[in-house]
Amino acid sequence: MLKLYGFPISNYYNKVKVVLYEKGLPFEELESIPCQDESLLQCSPLGKVPYLQTEQGFLSESQVICDFLEATHPSPALFSSDPWQQAKERELITMTELHLELVVREVYTQAFFGGSVSEGTRNRTEKLLRRNIVAFKRLAKFAPYVAGDTFSMADIVAGIHLPILGMATQAVYGEDFLQTAGIDWKAYGKHLAERESFQRMRAEQKAYQQAQQAKKAG
C-alpha cells in the first residue's frame, strides 16, 4: 500500500491527498514534520513534506508524486489527453505554485503563525503578487474550472493554493489581492467543495487542527 508522509496543514500534502482520493487509491497516512534528520533526508532529500513511499522506494516533490500517480493509475484522468490542453493545464499549475504560492509563502509567518516579516519583505511580496496575479488571470478561465470546462490537476492545485493566498494577503495587507483582481476564489472553492475528494481533505484538515489545538490547551 502507498504511504503518504506529511501533515494535513501542508497545502502540498493536501494536494497529493486529493489526487489519491480522486484516483480512489488506498493509502496510509503517517505524520512527518519537515526537518533535517538524516532518517528523513533519506526519504526526502530536502527534508520536506510530502513524500510518498511506494513499492519501488520513496518519492518527494508534490508534483512529481502527482505525475507518478497519474502515470501509474491513468483512470480517472486528471490531465487532458490533448497535448495542447494538457500543456495549458500544466502552465496553470506552474503559474499557481511558482509565481503565486511560492511568493506569498514569504509572508506566511505573519499571516498564520503569529510572527512578523520585514517591511522590505512585505513590499517585495506585494509587488510580485500583484503582477503575478494579473498574469495568472490571463491564463485562468474559471469556466467553471480553472483551465476550462473539465476538472483537472490544475483545479486541485488552484483549489488548495488560492484560498491560502487570499487569506494571507487579507491578514498581512488588509486586502485580499485575488478579490481585488476580480478572482472570486470563494465561489470557485465552493464549486470544488462539491467534490468528495475536497470534502474529505477539508474535514480531515479541520479535525487535525482541532486535535492540535486541544493538545496545546493541555
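Residues numbered from 1 in each chain as written. Predicted model: local features only at pLDDT ≥ 70, side-chain atom pairs only at ≥ 80, totals over all residues. Heavy atoms only, no water.

- The name an unreviewed UniProt entry assigns to the chain is Glutathione S-transferase, from the organism Pandoraea apista.

**Observations concerning the overall build of the chain**
Right, on to step 1. The secondary structure content of the chain amounts to 10 helices and 4 strands.
Right, on to step 2. Relative to its length of 218 residues, the chain is compact, with a C-alpha radius of gyration of 17 Å against a globular reference of 17 Å.
Right, on to step 3. Taking the principal axes of the C-alpha coordinates as reference, the chain spans close to 50 × 45 × 30 Å.
Right, on to step 4. Counting over 218 residues, the chain shows a buried share of 46%.
Right, on to step 5. If you take every contact in the chain between residues at least 6 apart in sequence, the share linking residues at least 24 apart comes to 65%.
Right, on to step 6. Charge separation in the chain, taken as the distance between the mean sites of 24 positive and 26 negative side-chain charges, equals 5 Å. (Helix = DSSP H or I, 4+ residues; strand = E, 2+ residues; numbered from the N terminus. Rg over C-alpha atoms; globule rule 2.2 N^0.38 Å. Buried < 20%, exposed > 50% of the residue type's maximum accessible area, 1.4 Å probe, protein only. Contact = heavy atoms within 4.5 Å. Lys, Arg positive; Asp, Glu negative; His and termini not counted. Charge placed at Lys NZ, Arg CZ, Asp CG, Glu CD.)

**Regarding helix H1 (residues 11-23)**
The periodicity of an α-helix, 3.6 residues per turn, causes residues three or four positions apart to be oriented the same way.
Right, on to step 1. An ideal rise of 1.5 Å per residue puts 18 Å on 13 residues; H1 measures up with 19 Å between its terminal C-alpha atoms.
Right, on to step 2. H1 sits mainly inside the fold: 13 of its 13 residues count as buried.
Right, on to step 3. Within two residues after H1, Gly24 carries a phi angle of roughly 70°, on the positive side. (Expected span 1.5 Å × (residues − 1).)

**Quick notes on the pairing of strand S1 (residues 2-6)**
One face of the sheet, then the other: side chains in a regular strand alternate in exactly this way.
Right, on to step 1. S1 sits mainly inside the fold: 4 of its 5 residues count as buried.
Right, on to step 2. By the bridge criterion, 5 bridges tie S1 to strand S2 (residues 27-31) in an arrangement that is parallel. Paired with Leu4 across the strands is Glu29, a residue of S2.
Right, on to step 3. Crossover connection from S1 via H1 to parallel S2: handedness right-handed.
Right, on to step 4. Relative to strand S3 (residues 51-53), S1 runs antiparallel, the two sharing 3 bridges. When the sheet's bridge partners are listed, Leu4 is paired in S3 with Leu52. (Pairing = 2+ DSSP bridges. Right-handed = clockwise from strand over helix to strand, strands pointing away.)

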